[in-house]
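Per-entry structural report
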Amino acid sequence: MKPTSPLYFEAFLAACWKDGNRCGRHLFHDIKQRGYTGSFSNLERLLATWRRLERSVKDSASPAPIISYQPGRDAVPIRDP
């Protein structure tokens, strides 16, 4: 693997991602400081894959239960003073 590939810095990027640093421009700057010679668009392709994976994991999580409203049982009468 060469420093032109963002995968060369995958361990560093994964640690940043886990810590909440997910801004492509910030990550690009950080890996450039570590010797990355590739393009921003290459990095963004990798990050887009991670974002899609994260979204699919969230989407596959069990949905919130649906609470049905039953007017006859749930309604509370309001008294007029």
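Residues numbered from 1 in each chain as written. Predicted model: local features only at pLDDT ≥ 70, side-chain atom pairs only at ≥ 80, totals over all residues. Heavy atoms only, no water.

1. Considering helix α1 (residues 10–18)
Our working rule: Classification of residues uses two cut-offs on accessible area relative to the type maximum, computed with a 1.4 Å probe and protein chains only: under 20% is buried, over 50% is exposed, and between them is partly exposed. Helix and strand assignments come from DSSP, with helices taken as H or I runs of at least 4 residues and strands as E runs of at least 2, each series counted from the N terminus. What the arc covers is the set of directions going from the helix axis to the C-beta atoms. The contact definition used throughout considers only heavy atoms, calling two residues in contact when any of these lie within 4.5 Å.
Every buried residue of α1 is listed here: L13, C16 and W17. Down the axis of α1, the smallest arc covering the buried residues is 100°, so these residues share one side. Looking at α1, the residues exposed on the side facing more than 90 degrees away from the buried face are A11 and K18. Looking at the packing, one finds that the buried side of α1 touches α2 (24–33) and α3 (40–60). Residue G20 follows α1 closely and has a positive phi angle near 100°.

2. Quick notes on the pattern of salt bridges
Short version of the rule: Just to be clear on terms, a salt bridge is a Lys or Arg side-chain nitrogen sitting within 4 Å of an Asp or Glu carboxyl oxygen.
Applying the stated rule across the entire model yields two salt bridges. The partner of E54 in a salt bridge is R22, with the nearest N and O atoms 2.7 Å apart. With E54 in helix α3 and R22 in the loop between α1 and α2, this pair connects stretches of sequence that are 32 residues apart. Residue classification places E54 among the partly exposed positions, given a relative accessible area of 27%. When its relative accessible area of 30% is taken as the criterion, R22 is described as partly exposed. With a shortest N-O distance of 3.4 Å, R51 and E44 are connected by a salt bridge.

3. Focus on the packing of aromatic side chains
To be explicit about the condition: Geometry of aromatic contacts follows a simple scheme: Phe, Tyr and Trp rings, the Trp one being its six-membered ring, pair when their centres are within 6.5 Å, and the pair is stacked under 30 degrees between planes, edge-to-face over 60, tilted otherwise.
Scanning the model with the defined rule gives five aromatic pairs in all. Judged by centre distance (5.4 Å) and plane angle (75°), the ring pair of W17 and W50 falls under edge-to-face. With W17 in helix α1 and W50 in helix α3, the pair connects residues that are 33 residues apart, well separated along the chain. The pair formed by W17 and W50 is uniform in burial state, with each residue classed as buried.

4. Describing the nonpolar core
One broad trend across soluble globular proteins is that nonpolar side chains are buried collectively. Applied cut-off: Only buried residues count toward a nonpolar core. Its members are Ala, Val, Leu, Ile, Met, Phe, Trp, Tyr and Cys residues joined through side-chain atoms within 4.5 Å.
Residues F9, L13, C16, W17, L27, F28, I31, Y36, L43, L46, L47 and W50 constitute the largest nonpolar core, which totals twelve residues. Looking at this core, the elements that each hand over two or more residues are α1, α2 and α3. Apart from residues no more than four positions distant in its own chain, F28 is found in contact with Y36, G38, S39, F40 and L43.

5. Focus on the environment of S5
Applicable threshold: Any N or O atom pair separated by 3.5 Å or less is treated as a polar contact, with the protein-specific requirement of one donor-capable and one acceptor-capable atom, and with residues adjacent in sequence counted only for side-chain atom pairs.
Within the element layout of this structure, S5 appears in the segment before α1. Residue classification places S5 among the buried residues on the basis of a relative accessible area of 18%. Linking S5 and L43, residues 38 residues apart in sequence, is a C-alpha distance of 7.9 Å. Among the polar contacts listed, one links the side chain of S5 to the backbone nitrogen of L7, at a separation of 3.1 Å.

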